[in-house]
Amino acid sequence: MATVELKKVSKVYESRAGRLNVLTGIDLEIEDGEFLCVVGPSGCGKSTLLNLLAGFERPSSGEIQVSGKQVTGPSPSRFVIFQEPALFPWLNVYQNIVFGLRMAGVDLAEQQEKAQALLKAVHLSKFAHAWVTQISGGMKQRVAIARALAMDPDILLMDEPFAALDAQTRDMLHEVLEEVYLQTRKTIVFVTHNVREAVRLGSRVILMSGQGGEIIEQFPVNLPRNRYLEDVEVVTIASRIRDRLRQEVLRTSGEGGADA
Ligand SMILES: Nc1ncnc2c1ncn2[C@@H]1O[C@H](COP(=O)(O)OP(=O)(O)OP(=O)(O)O)[C@@H](O)[C@H]1O
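All values derive from a computational prediction rather than experimental measurement.

Moving on, we come to helix 3 (residues 108-121). The end-to-end C-alpha separation of helix 3 is 20 Å, in line with the 20 Å expected for 14 residues at 1.5 Å each. Buried within helix 3 are the following residues: Q111, A115, L118, L119 and A121. Projected onto a plane normal to the axis of helix 3, the buried residues spread over an arc of 150 degrees and lie on a single side. Along helix 3, exposed side chains directed more than 90 degrees from the buried face belong to A109, E113, Q116 and K120. Packed against the buried residues of helix 3 are helix 2 (93-103), helix 4 (137-150) and helix 5 (167-184). Its side-chain oxygen at 3.1 Å from the backbone nitrogen of A109, D107 defines the N-terminal cap of helix 3. Among the residues trailing helix 3, H123 stands out with phi positive, at a value near 55 degrees.

Turning our attention to the site of the ligand. Neighbouring the ligand are 13 residues, the closest being S42, G43, K46, S47 and T48. T48 is positioned such that a nitrogen or oxygen atom in its side chain is 2.5 Å from an oxygen atom of the ligand. Separating an oxygen atom of the ligand from a side-chain N or O atom of H193 is a distance of 3.0 Å. In isolation the ligand has 640 Å² of accessible area, and contact with the protein removes 59% of it. Listing elements by their share of the shell around the ligand, those giving two or more residues are strand 2 (18-30) and helix 1 (46-54). Per element, the largest residue contribution to the shell around the ligand is three residues, and it comes from helix 1. Residues of the shell around the ligand, tallied by class, amount to five nonpolar, six polar and two charged.

Another point: the pairing of strand 7 (residues 155-159). When you tally the buried positions in strand 7, you get five out of five residues, the bulk of the element. Looking at chain direction, strand 6 (residues 78-81) and strand 7 are connected through four bridges and run parallel. Paired with I81 across the two strands is M158, which belongs to strand 7. Alignment of strand 7 against strand 8 (residues 187-191), held across five bridges, turns out to be parallel. Directly across from M158, in strand 8, lies its bridge partner F190. With respect to chirality, the unit in which strand 7 leads through helix 5 into the neighbouring parallel strand 8 is right-handed.

This part is about the state of the cysteines. Applying the stated criterion to the full structure yields zero disulfides. Its sulfur unpaired, C44 is 14 Å from the next cysteine sulfur, which belongs to C37.

Okay, the packing of aromatic side chains next. Going through the model one piece at a time under the given rule, you end up with five aromatic pairs. Ring centres 6.1 Å apart and planes at 45 degrees place the aromatic pair F35 and F190 in the tilted group. Of this pair, F35 sits in strand 3 (residues 35-39) while F190 sits in strand 8; the two residues are 155 residues apart in sequence, bridging distant segments of the chain. F190 sits in the buried class, given a relative accessible area of 0%. An aromatic cluster of three or more residues is present, and its members are F35, F162, Y181 and F190. Positioned above the aromatic ring of F88 is the side chain of R147, whose terminal nitrogen or guanidinium carbon lies 5.8 Å from the ring centre.

Calculation notes
- Here, residues in each chain are numbered from 1, in the same order as that chain's written sequence.
- Only residues with pLDDT of 70 or above have their local features reported here, since the model is predicted, and side-chain atom pairs are shown and tallied only from 80 upward, although totals for entire chains, interfaces and linings are computed over all residues.
- The side-chain quantities take in all heavy atoms of the structure and omit both hydrogens and water.
- Put simply, DSSP H or I for four residues or longer makes a helix, DSSP E for two residues or longer makes a strand, and each gets a number counted from the N terminus.
- Each residue after the first adds 1.5 Å to the expected span of a helix.
- Relative accessibility thresholds used throughout: buried, under 20% of the residue-type maximum; exposed, over 50%; partly exposed, between the two (1.4 Å probe, protein chains only).
- As used here, the arc belongs to the directions running from the helix axis to the C-beta atoms.
- Note on contacts: a residue pair is in contact if any heavy atoms of the two residues lie within 4.5 Å.
- In the analysis that follows, any N or O atom pair within 3.5 Å is treated as a polar contact, provided that within protein one partner can donate a hydrogen and the other can accept it, and provided that, for residues neighboring in sequence, both atoms belong to side chains.
- One heavy atom suffices: a residue is near a molecule or strand as soon as one of its heavy atoms comes within 4 Å of it.
- Every accessible area reported is derived by Shrake-Rupley at a probe size of 1.4 Å, with residue values counting cover from the shown protein chains alone.
- Under the scheme applied here, ten amino acids are nonpolar (Ala, Val, Leu, Ile, Met, Phe, Trp, Tyr, Cys and Pro), four are charged (Asp, Glu, Lys and Arg), and all others, including Gly, are polar.
- Only strands joined by at least two bridges in the DSSP assignment are considered to pair.
- If the strands point away from the viewer and the path from the first strand over the helix to the second runs clockwise, then the crossover is right-handed.
- The disulfide criterion used throughout: a pair of cysteine sulfur atoms within 2.5 Å.
- To pair, rings of Phe, Tyr and Trp, with the six-membered ring standing in for Trp, must have centres within 6.5 Å; the planes then decide the type, stacked if under 30 degrees apart, edge-to-face if over 60, and tilted in the middle.
- We count a charge as sitting over a ring when the NZ of a lysine or the CZ of an arginine lies within 6 Å of the ring centre and within 35 degrees of the ring normal.

Here it is in C-alpha cells:
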C-alpha cells in the first residue's frame, strides 16, 4: 500500500534575488496504484514537487505522508527515474539491473530470477550482456525502469523520463511503461511537458499554475488501456488541458509552454 498525502505543502526558495514561492498550500491525495501525471508551465514547480515526494528536499511548511508515515528523507520505497538514466557505464545491462539487489545482499539465485523477469518485462532479454554505453537512449531508459523495479519500490517518481527520446522510441516506452503498470500496479507520479503523453499514460492529470505553484485543475482520465497517443479520446482530453494551460501561460505572461 502506498497512499500519498500532501497536506498544505509549500516550498519557498530564498535567494539574493528574493523570495520565490514555488509551491503554495498543495493539498493532494494520490491513491495506491494511481498513475498521476503532473503538467504545467515551465518553471511552475513540477520537479520541486517530485523532489519533495522523493524526500530529496523538505517542504517549507505542510507535510507529506506515504501510507500514513511522514516523508523525512529519501527511501528505496520511492524510486526516482530522471530524464538521463544515469546507469553505471562499467556494468552491462544485467549488472545494472541487479546492482541494487547485490548491494542489498540478495542471494544470487533470486537476483537472476528477478533480473530475467525484468529483462522480459522491458523487452531487453536479448541485451542482458550488452554494455550500457553501446545501447540506444530508449534501451537505457528501459534498463533504468527495470533497475527501479528490481528494488520493488512502492512508488515510482518519474521526471520527464522520455523527454529526450525521439517520437517512435517514446511510443515504445509508453507501451513498456503501461505494461509494467498494468502488471505491477505501482503508484506512479509522472512529470511531463507533454500533455498528450500525460493523458495517454495517466489515470489523472493535474495542472499546475504558472506562478505560485498551486494545482489549478484536475482531469480524471477514465479511458480503457491500452491507449495510444492518436486515440480520439486521448486527443480530445489533451486539447482541453492544453487550452487551459495556454490560458494559464497567457495569464501569467510566462515564457513556458507545453508540447503537443
Ligand atoms: N534549489 C533551488 N534554489 C532556488 N530556486 C530553485 C531551486 N530549485 C528550483 N528553483 C526554482 O523553482 C522554480 C521551479 O522549478 P522546477 O524545476 O520545480 O520547475 P519545473 O516546473 O519542473 O520546470 P521545467 O518545466 O522547466 O522543468 C524555478 O523558478 C526554479 O528556478
